[in-house]
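An overview of the molecular structure
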Amino acid sequence: MIIKLEPVFNNIGFEKSFDYELAFSEDLWNEDDPFTTPVKVKGSIKNRAGVVELRALVVADTQQICDRCAANFSKRLEIPVEHVLVTQLNNEDNDEFIVIEDMRFNLDSLIREDILLELPAKVLCSEDCKGICSQCGKNLNEGPCSCEKPIDHRLEALKQLLDN
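Definitions and limits used
Residues numbered from 1 in each chain as written. Predicted model: local features only at pLDDT ≥ 70, side-chain atom pairs only at ≥ 80, totals over all residues. Heavy atoms only, no water. Pairing = 2+ DSSP bridges. Helix = DSSP H or I, 4+ residues; strand = E, 2+ residues; numbered from the N terminus. Axes fitted to C-alpha atoms, helices over the stretch in contact; angles between N-to-C directions. Contact = heavy atoms within 4.5 Å. Salt bridge = Lys/Arg side-chain N within 4 Å of Asp/Glu carboxyl O. Buried < 20%, exposed > 50% of the residue type's maximum accessible area, 1.4 Å probe, protein only.

What follows is about the sheet that holds strand 6 (residues 97–99). Strand order in this open sheet of five strands is 2-3-4-5-6, and the pairing throughout is mixed. Sheet topology places strand 2 (15–22) and strand 6 at the edges, where each strand pairs with a single neighbour. If you compare each strand with its neighbour and ignore which way they point, the axes differ by 30 degrees on average. Note: strand 4 (residues 51–65) against strand 5 (residues 72–86), 14 bridges, orientation antiparallel. What sits directly across from Gln-64, in strand 5, is Phe-73. Here helix 2 (residues 107–118) sits on the sheet in contact with strand 2, strand 3 (39–48), strand 4, strand 5 and strand 6, set at roughly 65 degrees to strand 2.

Now the structure itself:
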(Lines give C-alpha, C1' and ligand atoms only; values in the text may rest on other atoms or scores of the structure.)
Protein backbone atom coordinates (compact mmCIF):
# COMPACT_ATOMS: atom_id res chain seq x y z
CA MET A 1 0.00 0.00 0.00
CA ILE A 2 1.49 3.29 -1.13
CA ILE A 3 0.57 6.24 1.09
CA LYS A 4 0.99 9.86 0.05
CA LEU A 5 2.39 11.68 3.06
CA GLU A 6 2.64 15.28 1.88
CA PRO A 7 -0.62 16.35 3.62
CA VAL A 8 0.53 14.68 6.85
CA PHE A 9 3.96 16.35 6.89
CA ASN A 10 2.57 19.78 5.92
CA ASN A 11 -0.36 19.98 8.38
CA ILE A 12 0.09 19.69 12.15
CA GLY A 13 -2.67 17.54 13.61
CA PHE A 14 -3.47 15.87 10.27
CA GLU A 15 -4.05 12.11 10.49
CA LYS A 16 -4.27 9.51 7.74
CA SER A 17 -5.82 6.17 8.76
CA PHE A 18 -5.50 2.82 7.04
CA ASP A 19 -7.17 -0.56 7.44
CA TYR A 20 -6.34 -3.28 4.91
CA GLU A 21 -5.19 -6.87 4.36
CA LEU A 22 -1.53 -7.40 3.53
CA ALA A 23 -0.63 -10.01 0.92
CA PHE A 24 2.57 -11.90 1.67
CA SER A 25 4.49 -13.16 -1.34
CA GLU A 26 5.17 -16.90 -1.42
CA ASP A 27 8.91 -16.47 -2.02
CA LEU A 28 9.38 -15.29 1.60
CA TRP A 29 8.72 -18.79 2.97
CA ASN A 30 10.66 -21.99 2.44
CA GLU A 31 7.53 -24.00 3.10
CA ASP A 32 3.84 -23.16 3.01
CA ASP A 33 2.63 -19.75 4.10
CA PRO A 34 2.24 -19.95 7.92
CA PHE A 35 -0.71 -17.54 7.93
CA THR A 36 -4.11 -19.21 7.99
CA THR A 37 -6.00 -15.91 7.74
CA PRO A 38 -5.17 -12.72 5.87
CA VAL A 39 -2.71 -10.43 7.67
CA LYS A 40 -4.79 -7.46 8.84
CA VAL A 41 -3.12 -4.08 9.29
CA LYS A 42 -4.93 -1.22 11.01
CA GLY A 43 -3.47 2.06 12.13
CA SER A 44 -2.72 5.66 11.32
CA ILE A 45 -0.01 8.15 10.48
CA LYS A 46 -0.38 11.39 12.44
CA ASN A 47 1.48 14.67 12.62
CA ARG A 48 1.73 15.55 16.33
CA ALA A 49 3.34 18.96 16.79
CA GLY A 50 5.60 18.41 13.80
CA VAL A 51 6.53 14.81 14.69
CA VAL A 52 5.02 12.30 12.25
CA GLU A 53 4.26 8.98 13.94
CA LEU A 54 3.14 5.72 12.42
CA ARG A 55 1.16 3.47 14.77
CA ALA A 56 -0.46 0.23 13.69
CA LEU A 57 -1.53 -3.19 14.88
CA VAL A 58 -0.89 -6.25 12.74
CA VAL A 59 -3.12 -9.27 13.43
CA ALA A 60 -2.91 -12.72 11.83
CA ASP A 61 -3.61 -16.33 12.69
CA THR A 62 -0.82 -18.81 12.05
CA GLN A 63 -0.41 -22.56 11.84
CA GLN A 64 2.98 -23.64 13.21
CA ILE A 65 4.97 -26.70 14.25
CA CYS A 66 6.52 -26.79 17.72
CA ASP A 67 10.32 -27.05 17.72
CA ARG A 68 10.32 -29.27 20.85
CA CYS A 69 7.45 -31.74 20.37
CA ALA A 70 6.70 -31.36 16.62
CA ALA A 71 2.98 -30.83 17.30
CA ASN A 72 0.89 -28.62 15.02
CA PHE A 73 -0.71 -25.67 16.77
CA SER A 74 -2.50 -22.44 15.95
CA LYS A 75 -1.42 -19.09 17.30
CA ARG A 76 -2.75 -15.57 16.84
CA LEU A 77 -0.09 -12.94 16.29
CA GLU A 78 -0.75 -9.38 17.40
CA ILE A 79 2.21 -7.18 16.56
CA PRO A 80 2.24 -3.49 17.49
CA VAL A 81 4.11 -1.30 14.99
CA GLU A 82 5.43 2.14 15.93
CA HIS A 83 7.81 4.31 13.92
CA VAL A 84 8.72 7.97 13.56
CA LEU A 85 8.83 9.24 9.98
CA VAL A 86 11.11 12.11 8.89
CA THR A 87 11.98 13.82 5.61
CA GLN A 88 15.70 14.06 6.40
CA LEU A 89 18.25 13.09 9.04
CA ASN A 90 20.89 15.28 10.63
CA ASN A 91 22.86 12.22 11.75
CA GLU A 92 23.06 9.56 9.02
CA ASP A 93 23.87 6.80 11.54
CA ASN A 94 20.51 7.12 13.27
CA ASP A 95 18.28 4.13 12.47
CA GLU A 96 15.46 5.06 14.86
CA PHE A 97 13.71 7.10 12.18
CA ILE A 98 12.40 6.18 8.74
CA VAL A 99 13.33 8.65 6.04
CA ILE A 100 10.57 9.54 3.57
CA GLU A 101 12.28 11.04 0.53
CA ASP A 102 9.54 11.64 -2.06
CA MET A 103 6.48 11.95 0.23
CA ARG A 104 5.32 8.51 -0.93
CA PHE A 105 5.70 5.60 1.45
CA ASN A 106 5.40 1.86 0.80
CA LEU A 107 3.78 0.65 4.01
CA ASP A 108 3.75 -3.03 2.94
CA SER A 109 7.52 -3.46 2.99
CA LEU A 110 7.82 -1.92 6.47
CA ILE A 111 5.02 -4.09 7.86
CA ARG A 112 6.54 -7.25 6.32
CA GLU A 113 9.90 -6.40 7.87
CA ASP A 114 8.36 -5.79 11.29
CA ILE A 115 6.45 -9.10 11.13
CA LEU A 116 9.61 -11.04 10.22
CA LEU A 117 11.54 -9.37 13.04
CA GLU A 118 8.81 -10.28 15.55
CA LEU A 119 8.59 -13.97 14.61
CA PRO A 120 10.37 -16.07 17.23
CA ALA A 121 13.58 -17.95 16.38
CA LYS A 122 12.28 -20.95 18.34
CA VAL A 123 8.59 -21.78 17.94
CA LEU A 124 6.98 -23.45 20.96
CA CYS A 125 3.41 -24.68 21.39
CA SER A 126 3.60 -23.50 25.01
CA GLU A 127 6.27 -22.08 27.29
CA ASP A 128 6.29 -25.27 29.38
CA CYS A 129 6.44 -27.71 26.44
CA LYS A 130 8.22 -30.90 27.58
CA GLY A 131 9.22 -32.04 24.10
CA ILE A 132 9.57 -35.68 23.06
CA CYS A 133 11.36 -38.62 24.67
CA SER A 134 14.79 -39.12 23.12
CA GLN A 135 14.41 -42.91 23.52
CA CYS A 136 10.92 -43.72 22.19
CA GLY A 137 9.75 -40.45 20.63
CA LYS A 138 6.59 -40.09 22.74
CA ASN A 139 5.22 -36.58 23.20
CA LEU A 140 5.90 -35.91 26.89
CA ASN A 141 3.13 -33.28 27.03
CA GLU A 142 0.64 -36.16 26.74
CA GLY A 143 2.14 -37.97 29.73
CA PRO A 144 5.33 -39.74 30.80
CA CYS A 145 6.79 -42.53 28.72
CA SER A 146 7.71 -45.99 30.00
CA CYS A 147 11.36 -45.84 28.94
CA GLU A 148 14.08 -46.42 31.46
CA LYS A 149 16.32 -43.43 31.53
CA PRO A 150 19.95 -44.26 30.68
CA ILE A 151 22.38 -44.01 33.57
CA ASP A 152 25.74 -42.37 33.11
CA HIS A 153 28.28 -45.15 33.78
CA ARG A 154 30.50 -42.63 35.59
CA LEU A 155 27.80 -42.25 38.26
CA GLU A 156 27.13 -45.97 38.87
CA ALA A 157 29.25 -45.96 42.04
CA LEU A 158 27.02 -43.22 43.49
CA LYS A 159 23.92 -45.21 42.55
CA GLN A 160 25.23 -48.19 44.52
CA LEU A 161 25.60 -45.95 47.57
CA LEU A 162 22.00 -44.75 47.22
CA ASP A 163 20.72 -48.33 46.84
CA ASN A 164 22.32 -49.32 50.19
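All right, on to the pattern of salt bridges then. Throughout the structure, instances matching the rule amount to four salt bridges. The partner of Glu-53 in a salt bridge is Arg-48, with the nearest N and O atoms 2.9 Å apart. Taking the relative accessible area as the measure of exposure, Arg-48 reaches 41% and is therefore partly exposed. Arg-76 is paired through a salt bridge with Asp-61; the nearest N and O atoms lie 2.8 Å apart. With Arg-76 in strand 5 and Asp-61 in strand 4, the pair connects residues that are 15 residues apart, well separated along the chain. Salt bridges sharing partners connect three or more residues here, namely Arg-48, Glu-53, Arg-55 and Glu-82.

We note that Ala-70 has phi near 65 degrees; this positive angle belongs to a residue other than glycine. In this structure, Ala-70 sits in the loop between strand 4 and strand 5. Residue class for Ala-70 comes out exposed when judged on its relative accessible area of 56%. Positive phi, close to 65 degrees, is recorded for Met-103, a residue that is not glycine. In this structure, Met-103 sits in the loop between strand 6 and strand 7 (104–106).

Of the residues examined, Met-103 reaches a relative accessible area of 22% and is grouped as partly exposed. Along the backbone, Met-103 and Glu-127 are 24 residues apart, and their C-alpha atoms lie at a distance of 43 Å. Excluding anything up to four places from it in sequence, Met-103 contacts Ile-3, Lys-4, Leu-5, Glu-6, Phe-9 and Thr-87.

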